[in-house]
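Each chain, written out:
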Amino acid sequence: MKVLLLADVKGQGKKDQIIDVSDGYARNFLIPRKLGVAADAKAIGDAKAKEEAKQFKIAEEKKAARALGEKIESILLVIKAPGGDGRLYGSITSKDVADELAKQYGIEIDKRKISLSEMIKSYGDYKADIKLYTEISAKLNIKVTEA
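Residues numbered from 1 in each chain as written. Predicted model: local features only at pLDDT ≥ 70, side-chain atom pairs only at ≥ 80, totals over all residues. Heavy atoms only, no water.

A. Focus on the side chain of Glu100. Structurally, Glu100 can be placed in helix H3 (residues 94-105). Beyond its immediate stretch of four places on either side in the chain, Glu100 contacts Leu77, Val78, Ile79 and Tyr105. (Helix = DSSP H or I, 4+ residues; strand = E, 2+ residues; numbered from the N terminus. Contact = heavy atoms within 4.5 Å.)

As structure tokens, then:
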């Protein structure tokens, strides 16, 4: 009997997957516990529609991430920090980069998605990798100047 799973079932499959199980297992376990429904034409159509909607959403998110990546790569983020003798008092962290990016350009990025190639403890030019989506990242140019 073909069954459309409504939840993850250990050893059988994931949610919205169509599996082939014995009639007794379906009638006595899956269907009464609301873990699955018989895979008729309506259920199969609903599953395909959900999958298409999910794929469309993923495609839109990737498109938005690529656009944001292009915008980020064209930016030169200038951070003014106090210091002396060419060195900073403290260091610039990914949180500082995220805050300045939001303040100067209105781009909200989580600090955990920003990875600095090296610790920023002196004035100069640096690069940071920003992970925007699975397999999509952008390089941000940072210039640290004296306040």
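B. The sheet that holds strand S5 (residues 83-84), seen in detail. The strand order across the open sheet built from three strands is S5-S6-S8, with neighbouring strands paired in antiparallel fashion. Of all the strands in the sheet, just S5 and strand S8 (120-122) have a single pairing partner and so form its edges. Sheet topology note: the S5/strand S6 (residues 87-92) ladder contains two bridges and is antiparallel. Considered in S6, the bridge of Gly84 is made with Arg87. (Pairing = 2+ DSSP bridges.)

C. Representation of the pattern of salt bridges within the structure. Applying the stated criterion across every chain yields a total of seven salt bridges. The salt bridge involving Lys50 is made with Asp16; its shortest N-O contact spans 3.7 Å. With Lys50 in helix H2 (residues 41-73) and Asp16 in the loop between strand S1 (2-5) and strand S2 (18-20), this pair connects stretches of sequence that are 34 residues apart. For Lys50, a relative accessible area of 49% gives the class partly exposed. (Salt bridge = Lys/Arg side-chain N within 4 Å of Asp/Glu carboxyl O. Buried < 20%, exposed > 50% of the residue type's maximum accessible area, 1.4 Å probe, protein only.)

D. The arrangement of the environment of Gln17 in detail. Summarising the element assignment, Gln17 is placed in the loop between S1 and S2. Judged by its relative accessible area of 36%, Gln17 falls in the partly exposed class. On a C-alpha basis, the gap between Gln17 and Gly106 in space is 41 Å, while along the polypeptide they are 89 residues apart. Ignoring sequence-local partners within four residues, the contact set of Gln17 consists of Val3, Leu4 and Leu5.

E. Looking closely at the sheet that holds S2. Judged by pairing direction, the sheet is antiparallel, and its three strands sit side by side in the order S2-S1-S3 without closing on themselves. The strands lining the two open edges of the sheet, one partner per strand, are S2 and strand S3 (36-38). Taken pair by pair, the neighbouring strands of this sheet meet at an average axis angle of 35°, ignoring direction. Where S1 meets S2, three bridges bridge the pair, whose relative direction is antiparallel. Opposite Val3, over in S2, you have Ile19 as the bridge partner. (Axes fitted to C-alpha atoms, helices over the stretch in contact; angles between N-to-C directions.)

Honestly, that's just the spatial picture; any functional story needs more than this.
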